[in-house]
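Architecture at a glance
Read off the chains here:
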Amino acid sequence: MKPGRVRVVDDTVMTWAHRLVWAICLGVYMTVFIGGILAGGSELVTLGRAIGFTLVAAVLARIGLALLDGATLPVEQGRLADEEGPLGSLVEPVSSTNVAEQVEGAEVA
């Protein structure tokens, strides 16, 4: 992992994502196989079609899992107290707006 970056998902989320992929593959297989048999298709052709669709779903899901596992976000670290330079807001207190003046201006309008 590159310095200054953090993973988007942790290991627990990846474990549940793998379980979800298994459930999706099982659902695809059962839907295609049972639907093909109930539609009156040949058992061997229906079995082949169900296996094919399941493999396609598994490959696409594995690609998605690899992308999800490799996803990172940049970490922006603020100025530390021991570093030189001013800490806090970059806006000077003198130039900041006065809320009371804004409220009075709003009431006049």
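In this text, all values refer to a predicted model and were calculated from it rather than measured experimentally.

Scanning the entire structure with this criterion turns up two salt bridges. Between Asp-69 and Arg-7 there is a salt bridge, and its shortest N-O distance comes to 2.8 Å. Of this pair, Asp-69 sits in helix α2 (residues 43-70) while Arg-7 is found in strand β1 (residues 5-7), placing the two residues 62 residues apart along the sequence. Of the residues examined, Arg-7 reaches a relative accessible area of 29% and is grouped as partly exposed. Here the salt bridges do not stand alone but share partners, grouping Arg-7, Asp-11 and Asp-69 into one network.

Counting through the fold element by element, Thr-54 comes out in helix α2. For Thr-54, the residues in contact, after removing those within four places along its chain, are Cys-25, Val-28 and Tyr-29.

Residue pairs spaced three or four apart in an α-helix point in one direction, given the helix's 3.6 residues per turn. Spanning 28 residues, helix α1 (residues 11-38) covers 40 Å between terminal C-alpha atoms, matching the ideal 40 Å at 1.5 Å per step. Packed against the buried residues of α1 are β1 and α2. Directly beyond the C-terminal end of α1, a positive phi value near 90 degrees is found at Gly-40.

What counts and how
Residues numbered from 1 in each chain as written. Predicted model: local features only at pLDDT ≥ 70, side-chain atom pairs only at ≥ 80, totals over all residues. Heavy atoms only, no water. Salt bridge = Lys/Arg side-chain N within 4 Å of Asp/Glu carboxyl O. Helix = DSSP H or I, 4+ residues; strand = E, 2+ residues; numbered from the N terminus. Buried < 20%, exposed > 50% of the residue type's maximum accessible area, 1.4 Å probe, protein only. Contact = heavy atoms within 4.5 Å. Expected span 1.5 Å × (residues − 1).

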